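Chain by chain, the residues:
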Amino acid sequence: MKIVKLKKENLFPFLESLSKEADLWAPVQKYENKHSFQLIKDFSQIDLKYTRTILPPKKLFLPPTFNMFLATEQGYEEDFSHVTKKILFGIHPCDIHGLLILDRFFQHVFDDPYYSKARQNTLILGHSCWPDENCMCKSTNTHIIEEGYDLFFSELETAYLVWIGSSEGDDCIRIKPGIFDEDITDEDIQIYIKWHNERDKAFQVDINFIAMPDLMELKYENPLWEKLGDACLACGSCSNVCPTCNCYNVLDKPLLNKYASEIGRCWDACTLESYSEVAGGENFREKRAQRLKLWYTHKLQAYISKYGKPACVGCGRCASTCPVDINVQTVAKALEGKDMDTFWNRLSKEVTK
Amino acid sequence: MNGENKCINQTNPYLPEAARIVRTYPLTEDVKYFQVRLVDMEKAISFKYSPGQFAMISVLGAGEAPFSISSTPSRPSLLEFCIRKAGTVTNAIFKLKENDHIGIRGPYGNGFPIESMHGKDIIIVMGGLGAAPLRSVLLYCLDNRDLFGRVALLHGAKRPAEMIFREEFFALKERKDLECYLTVDADDTGKWKENIGVVTTLFPQLKDINPSKTFAIVCGPPVMYKFVLKELIKLNIPKNQILMTLERRMKCGVGKCGHCAIDYIYTCIDGPVFTYWDVIHMKELI
Ligand SMILES: Cc1cc2nc3c(=O)[nH]c(=O)nc-3n(C[C@H](O)[C@H](O)[C@H](O)COP(=O)(O)OP(=O)(O)OC[C@H]3O[C@@H](n4cnc5c(N)ncnc54)[C@H](O)[C@@H]3O)c2cc1C
Ligand code: SF4
Ligand code: SF4
Ligand code: FES
C-alpha cells in the first residue's frame, strides 16, 4: 500500500479543496464531551480529539428516517434524495469495520440500493484514535484497519502518515499533489512505532470474544437473562447507537389531498416490545429477557459462527449509552461467570434481599 | 443458507410492481381468494417462483404484508392468494374489487426443496389457513404427477363453512392418484359426510407408509404442530424430511429489516420452510 506524509497545517487546505466536490462530514463537539458527525461549514468546528460519536456513521448511509419511494395510482417513483456526494472525515477503525459488516449484510442475497448507492457516493477518510475505558476494539481485533477506506490519517507529532487505500483515494491526493510528501524518514517511522506500542498498552478492557458463541449456547437458559430483562428499560438506545445494528421499520405516509403515499423507513430496535408482534396480538418475544437474548445472539454468537469474528466492533457506544449498564462488556463478563458490580446486578440483589 | 435473488425487480427489491385483481370471491367468512396478474405482461410471464415462496402485497395508503403464493408455478402468469382479514393491510385488501390495483414484490423465501422431493411419497397435512401455502405444493405435485410417488392430503378445518377451497378439495377426492382425507372438528350443518375430529384422527387412514422415502409437509395454526409432529414421528419419518412453513412478522422480505429474525437466521430468506430438525436445533422456532 502507498503511504505519504502530510504536514498538519496542510490538513484543512486539503479538506477544503476536496469539499468543493462533495459535502464534508466530520466529528464536532455537540455537547460537553459528546461528539457527532456533522456537515462541516466551518473547518474550526472539526474536533479530532474525540473518542466516539453519539450515533455511529450508519446515519449517513441510512438516515434515521428517509423515503424509499412515492407510491401513486400511476406507479412508483424511487426516491434517492438521501444519496448525495459525501466525504466522511475522521472516522475511526472500529467504525470502518462497522461499515464493512453492514456492507456484507446489506449486499447479501439482495442488494439494498438505498444503502449501496449512499456507500458508493461517500469517500471514507479514516483517522487514528486513542482508547478510553469503554473501548473494546482490541478484543474484537478492530483497533487496526487494512481495508474499507480511501485514505487513512495516522496522527504523528507534526504530520500525518496517510495510507492510500483505493484508487479514489489516490485521485484525492492528486488534487493537491504539492502538499504530500513521499519521503517518509526513519524518524517518522520510529515515532509511528512508538505511538503504536503505547496505544496497544492503553487498552483497559479485555474480552475473550472467541469463547462467546459457546457460552451463549451453554448459558441460554441461565437466570442471568432474567436479571438483565428485569433491569432493561426496553428503550432501544443500544440499537440506535450500535454501528452494526441494521433493523428498521417501514412507514406508509399518505399525502394530504392526493391519492399517494410516501413509503419510508425508520430505525427500529429488537429490544422494543412491539418488535416481534404478529396478527392477533401474539408476540414471539414478549419478555425483555428474550429480546436481549436476541440482541446478544447477534452481537456475540451469530456472526462469529458464520464469519469467524463478532458482529461487535468494540466501539463502546453501548457501554457509554445504556442507562442500566447492559452492554457487551458486562454481558460478556457475566457469561464468563465473573463477579459483577453493575447496576442490574445490584438491582437484582436489592430485589432478592 | 439460501442465496439467489429471483425478485421480479432486480435493481430495487423494495419497489413493488403494479398488479390487477382478476378475480376475487370469499372462501369463508373471513378469508378471501384473490387471483392477480402483473400489469406489465412481460413481467407477469417471467415471474418465476417455487411452491412455498411468498410475496409482499401492498395497498396504497394502508401498507404492506407478506402472503404465501397459493397458486402453482406449473400454471404461470396468474398468481393466487388467500387472505384472512387480520388488521390494517388485510382490511384494505378486502375492500378491493376486480380490476383494482395492488402492489406486489417477490417472490421471496426459500420455498420447498422440490427437487429432493422428486420420486418420494408426499404427505401434506394442513389445518385452517395452512392450506394457503400448501395448496401450491399440492397442485404442483398433481400437475407433475409422474415426478412423485404416493401423494396424500390430510386437511382439517373447525367447521365445514371454514374449510377453505372446500369445493376444490371435494373434487380432488375423485382422483385415483391422490389420497384425499378431509375432516372438521365439529359439524354444525348435519350434512358433512367426511370424517369428524381433529386432523390427527385422519392418520389411521394412512396405510403402509415407507418412512425413509416419505416427505411430510405441515402447515396450520400453532396448536396443530405439536400433535401432528407426534404422529409423524410415530410413523418414523426422518426429522429432516418433515417440512413446515412458519410465520413471523416481516417488513422487508429480503433479509434486511431484522423483524423475522430467529436465533441467527432470517425467516424471510432462510425460511419460511424449515425442517423439523431445524426447529429442534434452533430453540426459538416454534
Ligand atoms: C411467510 C408468510 C406467509 C403468510 N401467508 C399468509 C397467507 O397466505 N394468508 C394470510 O391471510 N396471511 C398470511 N400471512 C400473515 C399475514 O402476513 C398477516 O396476517 C398480515 O401481515 C396482517 O397484516 P395487517 O396489516 O392486516 O394486520 P396489522 O394491522 O399489521 O396487524 C394485526 C396484527 O398483525 C401483526 N402483524 C404484522 N405483520 C405480521 C405478519 N407478517 N404475520 C402475522 N402478523 C403480523 C401486527 O403486529 C398486529 O399485531 C403470512 C405471513 C408470513 C410471514
Ligand atoms: S455491541 Fe456495543 S461495543 Fe459492540 S459495536 Fe455495538 S455498540 Fe459498539
Ligand atoms: S439494554 Fe440498555 S440501552 Fe438497550 S434497551 Fe435495555 S435499557 Fe435500553
Ligand atoms: S422480513 Fe425483513 S429481515 Fe426478514
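Because the structure is predicted, anything quoted here is derived from the model rather than measured. (Residues numbered from 1 in each chain as written. Chains lettered and ligands numbered in written order. Predicted model: local features only at pLDDT ≥ 70, side-chain atom pairs only at ≥ 80, totals over all residues. Heavy atoms only, no water.)

Enquirer: What am I meant to see in empty space enclosed by the protein here?
Expert: One water molecule sets the probe size; rolling that probe over the atoms shows where empty space is left. Residue and element names in this part refer to chain A. Under the criterion given, the structure shown has nine cavities of 30 Å³ or more. By volume, the largest cavity amounts to about 150 Å³. What lines the largest cavity is a set of 17 residues, and nearest its centre among them are Lys58, Cys245, Asn246, Cys247 and Trp267. Mapped by element, the contributors of at least two residues to the lining of the largest cavity are helix H3 (93-106), helix H9 (237-241) and strand E12 (260-267). Partitioning the lining of the largest cavity into residue classes produces 11 nonpolar, three polar and three charged. Both domains that furnish three or more residues to the lining of the largest cavity are identified here as domain 1 (3-62 + 80-201) and domain 2 (212-351). Within this model, the second largest cavity holds a volume of roughly 120 Å³. Lining the second largest cavity are 14 residues, and of these Cys232, Cys235, Cys238, Cys322 and Ile326 sit closest to its centre. When residues of the lining of the second largest cavity are traced back to their parent elements, those giving at least two are H9 and helix H10 (288-307). (1 Å grid on protein atoms, 1.4 Å probe; cavity = no way out; pocket = protein on both sides within 12 Å on 5 of 7 lines; lining within 4 Å. Points joined across faces, edges and corners; volume = space filled by probe spheres on them. Helix = DSSP H or I, 4+ residues; strand = E, 2+ residues; numbered from the N terminus. Nonpolar A, V, L, I, M, F, W, Y, C, P; charged D, E, K, R; others polar. Domains from an automatic or database assignment.)

Enquirer: Could you clarify how one ought to interpret the interface of chain B and chain A in this entry?
Expert: A common measure of how large an interface is: the accessible area buried when the components associate. Listed as interface residues are 43 residues of chain B and, on the opposing side, 47 residues of chain A. In this assembly, chain B packs against chain A so that about 3600 Å² is buried in total across both faces, 58% of it on carbon and sulfur atoms. Interface area lost by chain B to chain A is led by Leu60, Lys256 and Tyr264 of chain B, which between them contribute 21%. Our enumeration of links across chain B and chain A arrives at zero salt bridges. Mapped onto the side of chain B that touches chain A, the elements with two or more residues apiece are strand E1 (17-26), strand E3 (54-59), strand E6 (101-108) and strand E13 (261-262) of chain B. Per element, the largest residue contribution to the side of chain B that touches chain A is three residues, and it comes from E6 of chain B. Across the side of chain B that touches chain A, the residue classes break down as 21 nonpolar, 12 polar and 10 charged. (Contact = heavy atoms within 4.5 Å. Buried area = accessible area lost by both parts, 1.4 Å probe. Salt bridge = Lys/Arg side-chain N within 4 Å of Asp/Glu carboxyl O.)

Enquirer: Before we go on, may I ask you to explain the site of ligand 3 in this structure?
Expert: All names here are of chain A. Around ligand 3 sit Cys232, Leu233, Ala234, Cys235, Gly236, Ser237, Cys238, Thr271, Leu292, Cys322, Val324 and Ile326, and those are all the residues in its vicinity. One can see that ligand 3 is located within the second largest cavity. Taken together, the residues of the shell around ligand 3 break down into nine nonpolar, three polar and no charged. (Near = heavy atom within 4 Å. Sits in = over half its atoms within 2 Å of the grid points.)

Enquirer: So what exactly am I meant to see when it comes to the packing of aromatic side chains here?
Expert: Working definition: an aromatic ring pair is given by the centre-to-centre distance plus the angle between the planes. Under the criterion given, the structure shown has 28 aromatic pairs over all chains. Taking 5.9 Å as the distance between ring centres and 45 degrees as the angle between the ring planes, the aromatic pair formed by Phe66 of chain A and Tyr114 of chain A counts as tilted. With a gap of 48 residues between them, Phe66 of chain A in strand E4 (residues 65-72) and Tyr114 of chain A in helix H4 (residues 113-120) connect regions that are remote in the sequence. The pair Phe66 of chain A / Tyr114 of chain A is uniform in exposure class, with both members buried. Connected via pairs of aromatic rings, a cluster forms that spans Phe14, Phe89, Phe153, Tyr160 and Phe180 of chain A. Lying across the ring of Tyr14 of chain B, Arg265 of chain A places its NZ or CZ 5.1 Å from the centre. (Phe/Tyr/Trp six-rings, centres within 6.5 Å; stacked < 30°, edge-to-face > 60°. Buried < 20%, exposed > 50% of the residue type's maximum accessible area, 1.4 Å probe, protein only. Lys NZ or Arg CZ within 6 Å of the ring centre and 35° of its normal.)

Enquirer: Would you take a moment to explain the layout of surface pockets for this structure?
Expert: There is about 700 Å³ of room inside the second largest pocket. In terms of lining, the second largest pocket is formed by 35 residues, of which the most central are His298, Ala302 and Lys306 of chain A together with Tyr264 and Tyr266 of chain B. Of all the elements in the fold, those that place two or more residues in the lining of the second largest pocket are H3 and H10 of chain A together with strand E14 (265-266), helix H7 (267-270) and helix H8 (276-281) of chain B. Looking at the lining of the second largest pocket, its residues break down into 20 nonpolar, seven polar and eight charged. Residue assignment places the lining of the second largest pocket across two domains, with domain 1 (3-62 + 80-201) and domain 2 (212-351) of chain A each supplying three or more.

Enquirer: Please clarify how the confidence of the model for chain A should be interpreted in this entry.
Expert: Detailed conclusions should not be drawn from predicted coordinates in areas where pLDDT is low. The predicted model of chain A has a mean per-residue pLDDT of 90, with 96% of residues at 70 or higher. Per-element averaging of pLDDT across chain A places helix H13 (residues 343-352) of chain A at the bottom with 73 and strand E7 (residues 122-127) of chain A at the top with 97. (pLDDT = per-residue confidence, 0-100.)

Enquirer: Help me out: how do you make sense of the sheet that holds strand E5 (residues 76-78) of chain A in this one?
Expert: Whenever strands of a sheet pair, they do so through backbone hydrogen bonds, lying parallel or antiparallel. Residues and elements named next belong to chain A. As summarised here, the arrangement of the four strands in space is E5-E4-E12-E11, forming an open sheet in which the pairing is antiparallel. Single-partner strands in this sheet number two, and they are E5 and strand E11 (248-254). The average angle at which neighbouring strand axes cross in this sheet is 25 degrees, direction not considered. The pairing of E11 with E12 spans seven bridges and is antiparallel. For Val250, the partnering residue across the bridge sits in E12 and is Arg265. (Pairing = 2+ DSSP bridges. Axes fitted to C-alpha atoms, helices over the stretch in contact; angles between N-to-C directions.)

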